[in-house]
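Each chain is listed here by its residues.
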Amino acid sequence: ILEESDFKGEDFNLFQVAGQKCLEDGYVAQLLEVIQNEKNKVIIKNMGWNLISPLVRCIFMYKQDNDKREHCLRILDQLAQLCNPKELFLGLLEQIEQTSGEQVCQTVMLLLQPLQTVLLKLQNKKAYSVGLSLAMIMNQLTPLPVPYTKQQIQEDKFGLCQCCNAVVDFAKPFVNEVVKNMEKSSEYNDMELKEELLKFCMKSLKYPLLTAQLEQLEGIEDHPFRHFATEIIDILWNIRELIPLVFLHHKGKSPHWENQEFEDIERKNSADSLACLSYLVFVQHFGMKCFPVVFSPSYLLLCNMTHIEVLLKRTEESIISKGLDLFESSLLRMEDNSLLHHYLEFRDFINVPQDLVKIMTLCPMEHLRKKSLNILQLFIDKFGTQGKYTLFRCLLKTSNHAGVEGYVIKNIKDQIHLSLMKEHDNVWFTGHHLISLLDLVLSLPEGAETDLLQNSDRIMASLNLLRYLVIKDCESDNQTGVWTTLAKIEQNFLKPLRVGLNMSKAHYEAEIKNKKENQKEAHNSNTACSVTVSGEKMPAMTTGMQLQVLHSALFTFDLIESVLARVEELIEVKVKAVVDENS
């Protein structure tokens, strides 16, 4: 019967203790009657929010008792209707903040409806309160692992799939409010609520969508993350931010941080979100119906290269896959030989192929390595001849991997072949341009002391290219210019290679001899040596295994030597034929 102004601190404590006792002792129905009693509305308005914490505990405690649980849920609904909105808002947020582990999603889903009811009642600082609620909820969800496999998504162990879609439903009334205000006035000035919704969408793109499995999965009719992605794209479209984000890289009002570390984190988070958005639009085609079909494939590739670079620099399988898919879909829109060499002046067009090379050579997952190689070839194919030429030079200088260099050299050989077949008017793979490229190709990094085993892929590709040039290009025509620069090739490549082969074979033959002698002395072929790779001890190698490796190396040297001998023979025959012709 007291008025609001007459309440004292001990009254609040007494009410909370009494309410908690009723809940814990099972007098839930009686407590509901007290709350519903019109006479108690003043005390409930001012003190009811204190019951949130014990009420949530009891809802989880009474999981098996449907009647008591139902009464608890009705109490929660009554508190949302009757309590002071500002105080109840803080009480609900506090409860969400304090939850952890497996109960996060359950607690969030339980409190979303009352929280939405309270926020819709707020008059002051509504946008701030909505933003605070969404940020708090997303921060609590972020530590949870994102289900990835079909089984994990169906099981939804922590309830994340269900919770994410519930949060989107929670945000819808506020989206509708922004849309209505924007429709009323073209000069919609109250940007605060719109900015808070934009922040929520950006956070959702980074988590859970960046790491989520978004492909259609057989047996899952309504894929929860695909549904969530659709809803996020719809929000962005409705608040008129989708196209600016995709094409103008607009990030909203980025807060100014005095601390540079915070500034860097904000920039990285934004880059991750925008990269995920591009993946959703251009690979999964979410929201694609909203886009005007006026953009050229090369412009779309240019827009996406920054995002592709962000995704390929990550180490998580799901994120690298998204980067590769985005790159592939951007390239498949283009015709072969249509991309101008000027694009290689953009930093991303040089960095992305280097990232592909890292995935091809260092990624532990074979399917990603193979896909990266296929996409690198696709990227090469899209450039015109001058672009290919420039890209080959760049890859030869930066890849630092013999297998990749060998692959590039094979591509160079293919381009030379097209030039000699007159299929293309190609000045870049004949004459002085080609000679400049051959200086890079037909050389040994450290002369005769080059590790031939480690560089065997590159050396074999170089020898095969030289053999092709000597056979296909007559000295009288000299279209490729190889005959002009033959002396240089012999000096910088063939002679050091011959010396290096002799040295390497002698060294490995001596090693084999030593191993065999040691094996006889030890009378034990199982004598083992330990090998350490990247700080990890590998299984021990027996002497027999070591001999097998040494013989394999000798076989590689024999292979190189046979091709080298054939090249030297072809050169000698051609030179002799010209001399005979001139005499």
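Residues numbered from 1 in each chain as written. Predicted model: local features only at pLDDT ≥ 70, side-chain atom pairs only at ≥ 80, totals over all residues. Heavy atoms only, no water.

Within an unreviewed UniProt entry, the label attached to the chain reads GLMN protein, and the organism entered is Formicarius rufipectus.

## Concerning the overall build of the chain
Short version of the rule: What counts as a helix is a DSSP run of H or I of at least four residues, what counts as a strand is a run of E of at least two, and both are numbered from the N terminus. In this description, contact between two residues means that some pair of their heavy atoms is separated by no more than 4.5 Å. Here, Shrake-Rupley sampling with a 1.4 Å probe gives the accessible areas, and only protein chains in the shown set may cover a residue.
A tally of regular secondary structure across the chain gives 24 helices and two strands. Taking the intrachain contacts of the chain between residues at least 6 apart in sequence as the baseline, contacts between residues at least 24 apart amount to 74%. For the chain, the accessible area works out to roughly 29,900 Å², and carbon and sulfur atoms hold 51% of it.

## So, the nonpolar core
Using the following cut-off: Only buried residues count toward a nonpolar core, which is a set of Ala, Val, Leu, Ile, Met, Phe, Trp, Tyr and Cys residues joined through side-chain atoms within 4.5 Å. Exposure categories follow from relative accessible area, calculated using a 1.4 Å probe and restricted to protein chains: below 20% of the type maximum is buried, above 50% is exposed, and the middle band is partly exposed.
By size, the foremost hydrophobic cluster in this structure holds 179 residues, and its most contacted members are Leu141, Phe200, Leu280, Phe327, Ile412, Leu463 and Leu497. Considering every element that reaches this core, the biggest residue donor is helix α10 (residues 160-184), with 13 residues. Discounting residues that sit within four places of it in the chain, Leu463 has contacts with Phe493, Leu494, Leu497, Ile560, Val563, Leu564 and Val567.

## As for the pattern of salt bridges
Note the cut-off: The working definition used for a salt bridge is a side-chain nitrogen of Lys or Arg within 4 Å of a carboxyl oxygen of Asp or Glu.
Taken as a whole and assessed by the stated rule, the structure comprises 26 salt bridges. The salt bridge involving Lys505 is made with Glu561; its shortest N-O contact spans 2.8 Å. Remark: Glu561 occurs in helix α24 (residues 543-582) and Lys505 occurs in helix α23 (residues 486-522); sequence separation between them is 56 residues. Side by side, Lys505 and Glu561 carry an identical accessibility label, which is buried. Its salt-bridge partner being Arg566, residue Glu569 comes within 3.4 Å of it at the nearest N-O pair.

## A few points about the packing of aromatic side chains
Remark: the centre distance and the inter-plane angle together describe each pair of aromatic rings, the angle taken between the planes. The line we're drawing: Ring pairs shown here join Phe, Tyr and Trp side chains whose ring centres sit within 6.5 Å, with only the six-membered ring taken for Trp; geometry is labelled stacked below 30 degrees between planes, edge-to-face above 60, and tilted in between.
One pass over the full model with this rule turns up 17 aromatic pairs. An angle of 50° between the planes, with centres 5.1 Å apart, marks the rings of Tyr389 and Trp428 as tilted. Here Trp428 lies in the loop between α20 (402-420) and α21 (431-441) and Tyr389 lies in helix α19 (residues 385-398), a separation of 39 residues in the sequence. By relative accessible area, Trp428 is classed as buried at 18%. Clustering of aromatic rings is evident, with ring pairs tying together Phe327, Tyr343, Phe346, Phe349, Phe379 and Phe383.

## Regarding the side chain of Lys505
Definition in use: For the purposes of these results, a polar contact is taken to be a pair of N or O atoms within 3.5 Å, where, inside protein, one atom must be able to donate a hydrogen and its partner to accept one; residues adjacent in sequence count only when each atom of the pair is a side-chain atom.
Looking at Lys505, the relative accessible area reads 15%, which means it is buried. In this structure the side chain of Lys505 is engaged in a polar contact, spanning 2.8 Å, whose partner is the side chain of Glu561. Ignoring sequence-local partners within four residues, the contact set of Lys505 consists of Leu554, Phe557, Asp558 and Glu561.

## Looking at unusual backbone geometry
The amide bond that connects Tyr207 to the next residue, Pro208, takes the cis arrangement and shows omega of 10°. Here Pro208 shows up in helix α11 (residues 192-209). Backbone geometry places Arg240, a non-glycine residue, at a positive phi of 60°. Among the structural elements, Arg240 can be located in the loop between α12 (224-238) and α13 (242-248). The exposure class assigned to Arg240 is partly exposed, which follows from its relative accessible area of 48%.

## Re the environment of Leu396
Looking at where Leu396 falls in the secondary structure, it is placed in helix α19. Considered as a pair, Leu396 and Gly406 are 10 residues apart in the sequence and their alpha carbons are 9.1 Å apart.

## Description of the packing of α21 against helix α22 (residues 456-472)
As a reminder, the rule being used: Every angle, taken between N-to-C directions, lies between 0 and 180 degrees, and every axis is a line fitted to C-alpha atoms, over only the stretch in contact when it is a helix. Under this grouping Gly is polar, as are all residues other than the nonpolar Ala, Val, Leu, Ile, Met, Phe, Trp, Tyr, Cys and Pro and the charged Asp, Glu, Lys and Arg.
It is the contact of α21 with α22, at a shortest axis distance of 11 Å, that shows an interaxial angle of 145°. Where α21 abuts α22, its residues Leu438, Leu440 and Val441 lie against Arg458, Ser462, Leu465 and Leu469. Each residue belonging to the contact of α21 with α22 can be placed in one class, and the counts come to five nonpolar, one polar and one charged.

## Focus: helix α18 (residues 366-382)
For clarity, the threshold we go by: To estimate the expected span of a helix, count its residues, drop one, and scale the result by 1.5 Å.
Helix length check: α18 (17 residues) gives 25 Å between terminal C-alpha atoms against 24 Å at 1.5 Å per residue, within 8%. Among all positions of α18, only Leu368, Ser372, Ile375, Leu376, Gln377, Leu378, Phe379, Ile380 and Lys382 are buried. Taken together, the buried residues of α18 touch α15 (297-312), α16 (317-332), α17 (347-362), α19 and α20.

## Details of the packing of helix α6 (residues 85-98) against helix α8 (residues 126-141)
Two measures define how a pair of helices packs: the angle their axes make with one another and the distance between the axes. As a reminder, the rule being used: Note on angle classes: values under 35 degrees are labelled roughly parallel, values over 145 roughly antiparallel, values of 65 to 115 roughly perpendicular, and the remainder oblique. Crossing handedness: left-handed means the near helix sits turned counterclockwise from the far one by under a right angle, and right-handed means the same turn made clockwise.
At their nearest, the axes of α6 and α8 sit 10 Å apart, and the two run at 15° to each other. Judged by the angle between their axes, α6 and α8 are roughly parallel. In terms of crossing hand, the pair formed by α6 and α8 is left-handed. Touching Phe89, Leu93, Ile96 and Glu97 of α6 are Ser129, Leu132, Ser133, Met136, Ile137 and Gln140, all from α8. For the contact of α6 with α8, the per-class residue count stands at six nonpolar, three polar and one charged.

## Let's talk about α12
Taking 1.5 Å per residue as the helical rise, α12 with its 15 residues ought to reach 21 Å, and the 21 Å between its terminal C-alpha atoms agrees with that figure. Backbone geometry just after α12 places Arg240 at a positive phi near 60°.

## Focus on the side chain of Gln140
The topology assignment puts Gln140 in helix α8. Polar side-chain contacts of Gln140 include one of 2.8 Å to the backbone oxygen of Ile96. If sequence neighbours within four positions are ignored, Gln140 has contacts with Ile96, Glu97, Thr99 and Val104.

## A closer look at the environment of Gln519
Here Gln519 lies in helix α23. Spatially, the C-alpha atom of Gln519 lies 7.0 Å from that of Thr543, the residues being 24 residues apart in sequence.

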